[in-house]
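# Structural overview for review
Single-letter residue listing:
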Amino acid sequence: MGRGRQKAKATKQAREIKYYTPNTDLSALERELAQARGEIPSPSSDDAEEDPPGDWDDDYDR
């Protein structure tokens, strides 16, 4: 009869491991992503040098 209890306990432990969701530190994740964005040049800095979109309309109205 001991096998039934042992199997039930193993099944319970397996479910706990499978569905375990630890608390996520979102502020640490945000800092990590901000650092990653800082290392790679952002495309928004290149946009500042281009003409504003309003000027493009005149070229295509012909």
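Residues numbered from 1 in each chain as written. Predicted model: local features only at pLDDT ≥ 70, side-chain atom pairs only at ≥ 80, totals over all residues. Heavy atoms only, no water.

With that out of the way, let us pick up the overall build of the chain. Helix and strand counts for the chain come out as four helices and zero strands. Listing each helix as α and each strand as β along the chain from the N terminus yields α-α-α-α. About 6600 Å² of surface is accessible on the chain, with carbon and sulfur atoms providing 52% of the total. (Helix = DSSP H or I, 4+ residues; strand = E, 2+ residues; numbered from the N terminus. Areas by Shrake-Rupley, 256 points an atom, 1.4 Å probe, with all protein chains shown as cover.)

There is a patch of nonpolar side chains on the surface, built from Leu26, Leu29 and Leu33 and spanning about 280 Å² of accessible area. Relative to the assigned elements, Leu29 resides in helix H2 (residues 26-39). On the basis of relative accessible area, Leu29 is assigned to the partly exposed category, the value being 39%. (Patch = residues over 30% accessible without salt bridge, like charges linked within 9 Å, V, L, I, M, F, W, Y side chains within 5 Å. Salt bridge = Lys/Arg side-chain N within 4 Å of Asp/Glu carboxyl O. Buried < 20%, exposed > 50% of the residue type's maximum accessible area, 1.4 Å probe, protein only.)

Let us look at the confidence of the model for the chain. The predicted coordinates should not be examined in detail at positions where pLDDT is low. Here the chain averages 76 in pLDDT, and 60% of its residues register 70 or above. Within the chain, the element-level pLDDT minimum falls on helix H3 (residues 43-47), averaging 51, and the maximum on helix H1 (residues 2-18), averaging 92. (pLDDT = per-residue confidence, 0-100.)

This next bit is on the environment of Thr11. Of note, Thr11 is situated in helix H1. A polar side-chain atom of Thr11 sits 2.8 Å from the main-chain carbonyl oxygen of Lys7. (Polar contact = N/O pair within 3.5 Å; in protein donor to acceptor, adjacent residues only side chain to side chain.)

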